[in-house]
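Structural overview for review
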Amino acid sequence: MPSEPEDVFAPIGHDLRACGLRVRLVFTAPPGEDPQRWRDLVVAGVRLGPLEFAPESVAGPDPGRAVASLAFHTQAAVLENLQEIDGKRAWPVCQGRHRHPMSLARVGEEAWPHWHCPSNPSYRWPVGQHPGV
């Protein structure tokens, strides 16, 4: 069971790196907030903003839920800032010549989240196992 924000983020970090993006989390916190709950997301040297790690997501009984939430917010931050990121390629990269990003899904309460092609749902990878480019 993940115990630190970096542990919860690890599968997403893998998928970013597999797609050719450098990623790191930096300690940060808005004034008056618990610094253990916040990390700034930095992708390809661009600071994309804070991610909140609630205690229940870090040590909760459903790590798939926490990973799905972080994957959603990470993908949104990357796509919103594509102009500033080297490569300017949608993330996570889809198959072949598809220029769209993969979509995030989680089916069922206990299921691990996965990325899938919006055009071909059979092309899918669990978050943390993206094969890269």
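The following paragraphs examine the structure supplied in this document. (Residues numbered from 1 in each chain as written. Predicted model: local features only at pLDDT ≥ 70, side-chain atom pairs only at ≥ 80, totals over all residues. Heavy atoms only, no water.)

1. A short note on unusual backbone geometry
Here the residue pair W91 and P92 is connected by a cis peptide bond, since its omega of -5° sits within 30 degrees of zero. Topologically, P92 is positioned in the loop between α3 (63–80) and β4 (103–105). One non-glycine residue, A44, lies in the positive phi region at around 55°. Within the secondary structure layout, A44 lies in the loop between β2 (38–43) and β3 (46–52). (Helix = DSSP H or I, 4+ residues; strand = E, 2+ residues; numbered from the N terminus.)

2. Some words on the nonpolar core
By size, the foremost hydrophobic cluster in this structure holds 31 residues, and its most contacted members are F9, I12, L41 and V43. With six residues, α3 is the largest single contributor of residues to this core. Ignoring sequence-local partners within four residues, the contact set of V43 consists of L21, R22, V23, L48, V78 and I85. (Core = buried A, V, L, I, M, F, W, Y, C linked by side-chain atoms within 4.5 Å. Buried < 20%, exposed > 50% of the residue type's maximum accessible area, 1.4 Å probe, protein only. Contact = heavy atoms within 4.5 Å.)

3. What about the side chain of H130?
Here H130 lies in the segment after β6 (124–126). When its relative accessible area of 3% is taken as the criterion, H130 is described as buried. A distance of 2.8 Å separates a polar side-chain atom of H130 from the backbone oxygen of V93. Discounting residues that sit within four places of it in the chain, H130 has contacts with H14, D15, A18, C19, P92, V93, M102, W115 and W125. (Polar contact = N/O pair within 3.5 Å; in protein donor to acceptor, adjacent residues only side chain to side chain.)

4. Here we look at the sheet that holds β4
The antiparallel open sheet is built from three strands, whose spatial order is β4-β5-β6. Since the sheet does not close on itself, it has two edges, and those belong to β4 and β6, each with one partner. When the angles between neighbouring strand axes are averaged without regard to direction, this sheet yields 30°. Where β4 meets strand β5 (residues 114–116), three bridges bridge the pair, whose relative direction is antiparallel. Considered in β5, the bridge of L104 is made with W115. (Pairing = 2+ DSSP bridges. Axes fitted to C-alpha atoms, helices over the stretch in contact; angles between N-to-C directions.)

5. Side note on helix α1 (residues 5–18)
Working note: α-helix, 3.6 residues per turn, so residues spaced by three or four point in the same direction. The terminal C-alpha atoms of α1 lie 20 Å apart, and with 14 residues this matches the ideal 20 Å at 1.5 Å per residue to within 8%. The axis of α1 is deflected most strongly, by about 45°, at P11. Within the sequence span of α1, burial applies to P5, V8, F9, P11, I12, G13, D15 and L16. Downstream of α1 by one or two residues, G20 has phi in the positive range, about 90°. (Expected span 1.5 Å × (residues − 1). Bend = angle between axes of the 7 residues up to and from the residue.)

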